[in-house]
Amino acid sequence: MSKKSIKNELPENYEDLKKAANRTGSWRTRLSAVEELGNYNTSQVIDILKVRLDHDPVFQIQEEAYRSLLELGEDVVLPKRKKFELVKGANKVFVRVKKSLPKDHTFDDYLTKLKRMRIDVYDAYEGEKGLEWLEEEWKKL
């Protein structure tokens, strides 16, 4: 692993990175923002990274925030990976989406409807568990 160049000032695009780090609709955008913010050692950046560490439903983002905070000299603990519900009430959302579709719907229909109804739930499970897991859950419903 290469050593990062840590800067002690806010990045020029701080507001954009802050929005991206908190965007619930795209775990990839959050991950990219957390990686970028990890290069800056300011109290504002540390606060954002701590929020992602403590509250992000995607473990990969929590891990990146944890690594960045350690490199910035913060005393933090990596939370345990959630085994069951990543988003409270997600199982009810899955059932509601499936029931709202015709009997002969496809998995793609299901994903489209889930994205429209609850992008945050879709994003969390797609980022943490993957599309294969979502398809298996869809079949079980």
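*Asks:* Help me get a handle on the overall build of the protein, residues and values and all.
*Replies:* Across its full length, the protein holds eight helices and zero strands. What you see in the protein, going N to C, is helices and strands ordered as α-α-α-α-α-α-α-α. Its C-alpha atoms put the protein at 55 × 30 × 25 Å along the principal axes. In the protein, buried positions account for 43% of the 141 residues. Accessible surface, the protein: about 8,600 Å² in total, of which carbon and sulfur atoms supply 48%. Counting 28 positive and 26 negative side-chain charges, the protein places the centres of these two groups 7 Å from one another.

*Asks:* A description of the environment of Leu-17 should follow, citing residues and the corresponding values.
*Replies:* Mapped onto the secondary structure, Leu-17 falls in helix α1 (residues 14-21). By relative accessible area, Leu-17 is classed as buried at 9%. For the pair Leu-17 and Thr-29, spaced 12 residues apart in the sequence, the C-alpha separation amounts to 9.2 Å. Once residues lying within four places of it in the same chain are set aside, the contact partners of Leu-17 are Pro-11, Ala-33, Glu-36 and Leu-37.

*Asks:* Kindly report on helix α4 (residues 59-71), identifying the contributing residues and their values.
*Replies:* The terminal C-alpha atoms of α4 lie 18 Å apart, and with 13 residues this matches the ideal 18 Å at 1.5 Å per residue to within 8%. Every buried residue of α4 is listed here: Phe-59, Ile-61, Gln-62, Glu-64, Ala-65, Ser-68 and Leu-69. Here the buried face of α4 lies against α2 (27-37), α3 (43-55) and α7 (119-128). Within two residues after α4, Gly-73 carries a phi angle of roughly 85°, on the positive side.

*Asks:* Give me the packing of α7 against helix α8 (residues 131-140): which residues, what numbers.
*Replies:* Two quantities define a packed helix pair, namely the angle between the helix axes and the distance between the axes. At a minimum axis distance of 7 Å, the contact between α7 and α8 shows a crossing angle of 115°. Mapping the contact onto sequence places Tyr-122, Tyr-125 and Glu-126 in α7 and Leu-131, Trp-133 and Leu-134 in α8. Class assignment for the residues of the contact of α7 with α8 results in five nonpolar, no polar and one charged.

*Asks:* Describe the side chain of Arg-52, naming the residues involved and giving the relevant values.
*Replies:* Tracing the backbone through its elements, the reader meets Arg-52 in helix α3. From its side chain, Arg-52 meets the backbone oxygen of Ala-21 in a polar contact 3.1 Å long. Ignoring anything within four residues of it in the chain, the contact list for Arg-52 reads Ala-21, Asn-22, Arg-30, Val-34, Ile-61, Gln-62 and Ala-65.

*Asks:* Describe helix α5 (residues 90-99), with residues and values.
*Replies:* By the burial criterion, the buried members of α5 are Ala-90, Val-93, Phe-94, Val-97 and Lys-98. Along the axis of α5, the buried residues cluster in a sector spanning 130°; they form a single face. In this structure, α5 carries Lys-92 and Lys-99 as exposed residues pointing more than 90 degrees from its buried face. Looking at the buried residues of α5, the elements they touch are α6 (107-117), α7 and α8.

Cut-off values and rules
Residues numbered from 1 in each chain as written. Predicted model: local features only at pLDDT ≥ 70, side-chain atom pairs only at ≥ 80, totals over all residues. Heavy atoms only, no water. Helix = DSSP H or I, 4+ residues; strand = E, 2+ residues; numbered from the N terminus. Buried < 20%, exposed > 50% of the residue type's maximum accessible area, 1.4 Å probe, protein only. Areas by Shrake-Rupley, 256 points an atom, 1.4 Å probe, with all protein chains shown as cover. Lys, Arg positive; Asp, Glu negative; His and termini not counted. Charge placed at Lys NZ, Arg CZ, Asp CG, Glu CD. Contact = heavy atoms within 4.5 Å. Expected span 1.5 Å × (residues − 1). Axes fitted to C-alpha atoms, helices over the stretch in contact; angles between N-to-C directions. Nonpolar A, V, L, I, M, F, W, Y, C, P; charged D, E, K, R; others polar. Polar contact = N/O pair within 3.5 Å; in protein donor to acceptor, adjacent residues only side chain to side chain. Arc of directions from axis to C-beta.

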